[in-house]
Structures are given as C-alpha cells and as structure tokens.
Amino acid sequence: MPKYQFSCDVLPHYLPEQSAPEDEVYGFAYTVTVTNTGEVAAQLISRHWVISDARGHSEEVKGLGVVGHQPLLKPGESFQYSSGSRLRTPTGTMHGSYFFVAEDGERFEAPIPMFVLDAGHAAGPDGASGSRVLH
C-alpha cells in the first residue's frame with residue numbers, strides 16, 4: 001500500500017430547478033467522497049478544479065479546503081461533501097486535484113478523476129442518475 005494515497009469518488013447530478021436552458025444556464029451538484037487509502041494521516045489543505053463545457057471553454061477554480069473544511073483523515077477514513085457548478089452548455093466535464101499535507105510533513109496531491117456533467121441524463125423517478133465517472 002502506498003504511504004500517501006487518497007481515492008476520490010464523485011457522484012454528479014443535474015439540477016433542473018437551478019437551470020435555465022433558454023438562458024444557457026445548467027446547474028449541477030456533485031457529491032465527493034475522499035478516502036485515505038494510504039498509510040499516513042493527512043490533511044486536505046486545498047482544491048484545484050478544471051471545469052469545461054461542451055464548447056471547450058474551461059474555468060479553473062482554486063481555494064482552501066472544501067466547503068469550509070480542511071479535514072484530517074487517518075488511514076481508512078473518509079470525508080464526504082456536496083457542492084455545485086454551472087455550465088453554459090448541457091454537458092461538460094470536471095477534474096482536478098486535492099493538495100494534502102501528511103502528519104509526517106510530506107506534501108502531495110491526489111488526483112480527482114474526470115467526471116461528466118450531463119443535463120440529458122437527469123435522475124429518473126427512482127432517483128438513479130445516468131451521470132457517469134470517467135476513469
């Protein structure tokens with residue numbers, strides 16, 4: 001098992017109530033679960049997202065912590081949070097990385113795999129979403 005390693009699972013979904021397709025505004029929410037799969041406790045310090053729409057327009061978002069938190073995660077522990085984004089097209093992608101500082105002072109990044117934001121695959125009546133994570 002690697003000493004410094006985190007996994008990131010993302011579940012995105014379309015928010016029709018926060019969208020106005022006639023104005024080219026599409027709202028999405030996503031829930032991220034960050035899990036320490038390494039051997040050393042580490043604190044999530046900052047995030048870096050790249051958000052791209054179907055026209056190739058990209059926006060970078062950087063900031064401290066996630067939703068106001070900088071969780072310290074011991075091996076095997078997870079932190080889950082929800083956030084959102086808006087696009088000018090009905091589909092797009094997001095990916096990025098988290099910056100961590102381990103208990104022993106080591107600094108490292110954990111990648112956030114690319115995932116798809118897709119207004120055409122809104123949640124069905126059973127709540128299941130057609131959104132998907134790209135690996």
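So, how was this worked out
- Within each chain, residues carry numbers counting from 1 in the order of the written sequence.
- Confidence filtering applies because this is a predicted model: local features only for residues at pLDDT of at least 70, side-chain atom pairs given and counted only at 80 or more, and all residues used for totals across whole chains, interfaces and linings.
- Note that the side-chain values use all heavy atoms of the structure and ignore hydrogens as well as water.
- Strands are runs of DSSP state E lasting at least 2 residues, helices are runs of H or I lasting at least 4, and numbering of each runs from the N terminus.
- Throughout, exposure labels follow a simple rule: accessible area from a 1.4 Å probe, protein chains only, divided by the maximum for the residue type, with under 20% read as buried, over 50% as exposed, and the rest as partly exposed.
- Whether two residues are in contact is decided by their heavy atoms: any pair within 4.5 Å suffices.
- Only the protein chains shown count as cover for residues, with accessible areas throughout obtained via the Shrake-Rupley method and a probe of 1.4 Å.
- Note on definitions: salt bridges are taken to be side-chain nitrogens of Lys or Arg within 4 Å of carboxyl oxygens of Asp or Glu.
- At least two bridges found by DSSP between two strands is the condition for calling them paired.
- Whether two aromatic rings pair depends on their centres lying within 6.5 Å, for rings of Phe, Tyr and Trp, where Trp uses its six-membered ring; planes under 30 degrees apart make the pair stacked, over 60 edge-to-face, and the rest tilted.

Chemist: Please clarify how the overall build of the chain should be interpreted in this entry.
Modeler: From N to C terminus, the chain includes 0 helices and 8 strands. Split into buried and exposed, the 135 residues of the chain put 43% on the buried side. Put simply, 63% of the contacts in the chain that link residues at least 6 apart link residues at least 24 apart. When the accessible surface of the chain is totalled, it reaches about 7,300 Å², and 51% of it is carbon and sulfur.

Chemist: Even after reading the chapter, I still don't get the pattern of salt bridges, so can you show me in this structure?
Modeler: Pairs may arise between side chains of opposite charge once their charged atoms sit close together. With the rule as written, the count across this model stands at 2 salt bridges. Between Arg55 and Glu24 there is a salt bridge whose closest N-O contact spans 2.6 Å. Taken together, the residues span a long stretch of sequence, with Arg55 in the loop between strand S3 (42-53) and strand S4 (58-64) and Glu24 in the loop between strand S1 (6-20) and strand S2 (25-36) at a distance of 31 residues.

Chemist: Would you mind going over the pairing of strand S8 (residues 107-118) with me for this structure?
Modeler: Within a regular strand, the side chains alternate between the two sheet faces. Across 10 bridges, strand S7 (residues 91-102) lies against S8 in antiparallel orientation. For Tyr98, the partnering residue across the bridge sits in S8 and is Ala110. Hairpin connection between S7 and S8: a loop of 4 residues separates the two successive antiparallel strands, and Gly105 in this loop has a positive phi of roughly 95°.

Chemist: I would appreciate a short explanation of the packing of aromatic side chains in the present structure.
Modeler: A ring pair, where both rings are aromatic, is described by two values, the distance of the centres and the angle of the planes. Tallied over the full model, the rule gives 11 aromatic pairs. For the ring pair Trp49 and Tyr98, a centre distance of 6.4 Å and an interplane angle of 80° mean the geometry is edge-to-face. Here Tyr98 lies in strand S7 and Trp49 lies in strand S3, a separation of 49 residues in the sequence. Accessibility assignment for this pair places Trp49 and Tyr98 in one class, buried. Relative to Phe115, the ring of Trp49 has its centre 6.0 Å away and its plane inclined at 90°; by these criteria the two rings are edge-to-face. Placement of the pair is Trp49 in strand S3 and Phe115 in strand S8, with a sequence separation of 66 residues. Residue class for Phe115 comes out buried when judged on its relative accessible area of 0%. In this structure an aromatic cluster arises from ring pairing among Tyr4, Phe6, Tyr30, Trp49, Tyr98, Phe100, Phe108 and Phe115.

Chemist: What's the story with the environment of Ser83 in this structure? I'm lost.
Modeler: Locating Ser83 in the fold gives a position in strand S6 (residues 78-87). For the pair formed by Ser83 and Tyr30, sequence separation is 53 residues and the distance between their alpha carbons is 5.6 Å. In contact with Ser83, other than residues within four places in its own chain, are Phe28, Ala29, Tyr30 and Val67.

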